[in-house]
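Here are the chains, one letter per residue:
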Amino acid sequence: MLSSLDFVILAVYLAVVAAVGLAAGRRQRGPSDYYLARRALPWWAAGLSILATETSALTFVGVPTQSLRGDWTYLQLALGSVAGRLAVATLLVGAYYRAEVVTVYGYLGRRFGAATRNLSTGLFFVGRLLGSGVRLYGGAIALVIVADVDFPLAIAAIAAVAAFYTLLGGLRSVVWTDLLQGVLLVAGAVAALVSLTQGVEGGLEGALTTLSEATTAAGHSKLRLVDLSLDPRRAYTLVAGLVGAAFLTLSTHGADQDLIQRSLACRGSREGRRSLALSAALVIPVAALFLAVGSLLWVRLGGDAGAAALAGELAAAKGLASSDKAYDLLFPLYVVRELPAGVRGLVLAGLFASAMSSLDSAISALSTTAVRCVWRPLVGPGPGPRRELAVARTFALGFALLLVTVALVVWRTEGAGGERQGFGVLMLGLKVLTWVFPPLLGVLLVGTLTRRGSDRGAVTAVLTGVATVLAAEFWHPLFGSPAPFAWIWNPVAGALVAFAVGAAFREGG
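Rules behind the numbers
Residues numbered from 1 in each chain as written. Predicted model: local features only at pLDDT ≥ 70, side-chain atom pairs only at ≥ 80, totals over all residues. Heavy atoms only, no water. Helix = DSSP H or I, 4+ residues; strand = E, 2+ residues; numbered from the N terminus. Rg over C-alpha atoms; globule rule 2.2 N^0.38 Å. Buried < 20%, exposed > 50% of the residue type's maximum accessible area, 1.4 Å probe, protein only. Contact = heavy atoms within 4.5 Å. Areas by Shrake-Rupley, 256 points an atom, 1.4 Å probe, with all protein chains shown as cover. Lys, Arg positive; Asp, Glu negative; His and termini not counted. Charge placed at Lys NZ, Arg CZ, Asp CG, Glu CD. pLDDT = per-residue confidence, 0-100. Expected span 1.5 Å × (residues − 1). Bend = angle between axes of the 7 residues up to and from the residue. Core = buried A, V, L, I, M, F, W, Y, C linked by side-chain atoms within 4.5 Å. Salt bridge = Lys/Arg side-chain N within 4 Å of Asp/Glu carboxyl O. Axes fitted to C-alpha atoms, helices over the stretch in contact; angles between N-to-C directions. Parallel < 35°, antiparallel > 145°, perpendicular 65-115°, else oblique. Left-handed = near helix turned anticlockwise from the far one by under 90°. Polar contact = N/O pair within 3.5 Å; in protein donor to acceptor, adjacent residues only side chain to side chain. Phe/Tyr/Trp six-rings, centres within 6.5 Å; stacked < 30°, edge-to-face > 60°. Nonpolar A, V, L, I, M, F, W, Y, C, P; charged D, E, K, R; others polar. Patch = residues over 30% accessible without salt bridge, like charges linked within 9 Å, V, L, I, M, F, W, Y side chains within 5 Å. Disulfide = S-S within 2.5 Å.

**Q** Tell me about the overall build of the protein, and please be specific about residues and values.
**A** What the protein contains, in helices and strands, is 22 helices and two strands. The globule rule puts the C-alpha radius of gyration for 509 residues at 23 Å, and the 22 Å found for the protein is close to it. Reported as C-alpha extents along the three principal axes, the dimensions of the protein are approximately 65 × 55 × 40 Å. Taking all 509 residues of the protein together, the buried fraction comes to 61%. Counting contacts in the protein only where the partners sit at least 6 residues apart, residues at least 24 apart contribute 83% of the total. Accessible area of the protein: about 18,400 Å², with a carbon and sulfur share of 65%. Taking the average place of the 40 positive charges on the side chains of the protein and the average place of its 28 negative ones, the gap between the two points comes to 14 Å.

Listed below in structure tokens is the structure:
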């Protein structure tokens, strides 16, 4: 249980977050402030905010599960993620700045037409609600373990705090609270890593010896970094990481308003590119940090047998249908049981922060897109800035409630996964992003790399790309045979199909 010192640390953290939100809210002068902080964000702040947003509770809870139950091959996806960020900076950021747009979907509307803008906006709503709903669920895991509360209450508590400061300060409060939350997230992981090392016989050297001699359930080394398999049904291979993860990152960082919004709020395209480059430089060290936590936790628990026993105990205590689902709870449980007072509060504040840093940006991006791509085209230029800002905040509240609903549905339906595809909540959180954003990326590349394409052609391309991705994702129930490739290849298929179809249409055709 938490000590008084732990509660004080959590209370101080929440008070600071609220103060930042209030300070940012007092500086609001209109919709431009709310959407893009008047395009005055420092590039380093935007870059760190991008990293904090994507280093969500799924990372804190889910990445350690990958090395706990498997090995270090997840790191191959981080390599592709670096390439994808640099590609976004090179291919897309400059085009968005030249078009002087607030949202990605506004750019598509200018390039192709209103039908493309409306379709891409609708798909963004679906994709971001699904993706951030999974992240909200992942964040609730920590509160369930720490406070022994039901998931609905934990989910509502996280959403309420994040919605509060986002409604007040818009993107500016999101970015500056994200910086605080990112520091807490990394500090918490480092504190846990130190504690785990001290709790293992022989310290770090002893842990490395144990890990180097151990194998996974599939017979691979627990410290394996590279999988050279060419089997397309495996998600964590070098080829899948370099190609599939690169397309996934191109999609999420280039076609998803949730992440690109920070780069669009910098002082110019050059600084927008720098923000992405900074996040690219840090993504591998952050992933390695959390994989190290999972590996040392495996040693600390006594290997597969100890982890399985504790997962079974947790599943029974929490009423879970399967012990597989409880593996995502093992790291938060270790924090509660083993870390000293104060440090425990720091780590748990980091967990709470990681949940909010993903949720706040989603609320901001969803409300911004709803106003600029739905409400403004419907009402025209008549309403003044005060009314527009009020509408944006109303949308923000509505989307916060929708995200809570999605998170509750995820808790009832989330599956377990396996070594071929990935484990637990992290797998689900990544997979949902492949359903929507890659087809939008394909059309964006038609718009930025060619002079071809039309409104009708872009709509056809996006729908064809989405159909391709969904067919791949639900191949088994549709066709009765195993899927031909793992989920990590869905972004490649969706983007390339959409690009080919979109480029087949002449301009205006």
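There is more to say, and it comes next.
**Q** Report on the confidence of the model for the protein, specifying residues and quantitative values.
**A** When pLDDT drops low, the exact placement of atoms in the prediction is not to be read closely. Residues of the protein with pLDDT of at least 70 account for 91%, and the chain-wide mean is 84. Note on residues 415-426: pLDDT under 50 across the span, and 48 contacts to partners over four residues away in sequence or across chains.

**Q** Go over helix H3 (residues 43-54) with me, naming the residues and quoting the values.
**A** Spanning twelve residues, H3 covers 17 Å between terminal C-alpha atoms, matching the ideal 16 Å at 1.5 Å per step. Of all twelve residues in H3, nine are buried; the element is thus mostly enclosed. Considered for burial, the residues of H3 that qualify are Ala 45, Ala 46, Gly 47, Ser 49, Ile 50, Leu 51, Ala 52, Thr 53 and Glu 54.

**Q** Can you lay out helix H11 (residues 238-254) for me, pointing to particular residues and giving the numbers?
**A** End to end, H11 covers 23 Å across 17 residues, agreeing with the expected 24 Å (1.5 Å per residue, within 8%). The axis of H11 is deflected most strongly, by about 25 degrees, at Ala 245. The element H11 is largely enclosed, with a buried count of 13 among its 17 residues.

**Q** Can you explain the nonpolar core? Please cite residues and give values.
**A** Core analysis: the biggest nonpolar cluster contains 162 residues, and Tyr 96 and Ile 488 have the highest contact counts within it. Every residue in contact with Ile 488, bar those within four places of it in the chain, is listed here: Leu 77, Arg 234, Ala 235, Ala 240, Gly 244, Ala 245 and Leu 248.

**Q** Explain the pattern of salt bridges to me, and be specific about the residues and the numbers.
**A** Tallied over the entire structure, the rule returns eleven salt bridges. The shortest N-O distance in the salt bridge between Asp 256 and Arg 128 comes to 2.2 Å. Here Arg 128 lies in helix H8 (residues 114-147) and Asp 256 lies in the loop between H11 and helix H12 (257-264), a separation of 128 residues in the sequence. Each member of the pair Asp 256 and Arg 128 is classed as buried. Salt bridges sharing partners connect three or more residues here, namely Asp 71, Arg 224, Asp 227 and Arg 234.

**Q** Run through the packing of helix H20 (residues 455-473) against helix H22 (residues 490-503), naming residues and quoting values.
**A** Packing of H20 against H22 leaves a shortest axis separation of 8 Å and a crossing angle of 155 degrees. Relative to H22, the element H20 is oriented roughly antiparallel. The chirality of how H20 crosses H22 is right-handed. On H22, the residues touching Gly 457, Thr 460, Ala 461, Thr 464, Gly 465, Thr 468, Val 469, Ala 472 and Glu 473 of H20 are Asn 490, Ala 493, Gly 494, Val 497, Ala 498, Val 501 and Gly 502.

**Q** Can you lay out the environment of Ala 407 for me, pointing to particular residues and giving the numbers?
**A** Tracing the chain through its elements places Ala 407 in helix H17 (residues 385-413). Separated by 267 residues in sequence, Ala 407 and Ala 140 place their C-alpha atoms 9.1 Å apart. Residues within four places of Ala 407 in sequence aside, it is in contact with Gly 133, Leu 136, Tyr 137 and Ile 155.

**Q** Go over the side chain of Glu 54, please, and point to the residues and values.
**A** Tracing the backbone shows Glu 54 in helix H3. According to the relative accessible area criterion, Glu 54 is buried, its value standing at 14%. A polar contact is formed between the side chain of Glu 54 and the side chain of His 253, at a distance of 2.9 Å. With near-sequence residues (within four places) excluded, Glu 54 lies in contact with Thr 59, Arg 85, Arg 135 and His 253.

**Q** Describe the packing of aromatic side chains, with residues and values.
**A** Taken as a whole and judged by the stated rule, the model has eleven aromatic pairs. Here the aromatic rings of Phe 124 and Phe 125 are separated by 6.0 Å at their centres, their planes lie at 45 degrees, and the arrangement is tilted. Owing to a relative accessible area of 0%, Phe 124 belongs among the buried residues under this scheme. Ring centres of Phe 124 and Phe 437 lie 6.4 Å apart, and the angle between their planes is 55 degrees; on these two criteria the pair is classed as tilted. Here Phe 124, found in helix H8, pairs with Phe 437, found in helix H19 (residues 437-449); they are 313 residues apart in sequence, far enough to count as distant.

**Q** Give me the packing of helix H10 (residues 203-213) against helix H13 (residues 269-300): which residues, what numbers.
**A** Two quantities define a packed helix pair, namely the angle between the helix axes and the distance between the axes. Direction vectors running N to C along H10 and H13 enclose 90 degrees, while the axes themselves pass 10 Å from each other. It follows from the interaxial angle that H10 and H13 lie roughly perpendicular. Within the contact between the two elements, H10 uses Ala 207, Thr 210 and Leu 211 and H13 uses Ser 295, Leu 296, Trp 298 and Val 299. In the contact of H10 with H13, the residues fall into five nonpolar, two polar and no charged.

**Q** So what about a nonpolar patch on the surface? Which residues, and what values?
**A** A surface patch of nonpolar side chains, about 420 Å² in accessible area, is lined by Leu 79, Leu 230, Val 239, Leu 242 and Val 243. On the secondary structure map, Leu 230 appears in the loop between H10 and H11. Residue class for Leu 230 comes out exposed when judged on its relative accessible area of 71%.

**Q** Residues and numbers for the state of the cysteines, please.
**A** Taken as a whole and judged by the stated rule, the model has zero disulfides. Counting only cysteine sulfurs, Cys 373 is the nearest neighbor of Cys 266, a cysteine outside any disulfide, at a range of 20 Å. Cys 373 gets classed as buried once you look at its relative accessible area, which sits at 3%.

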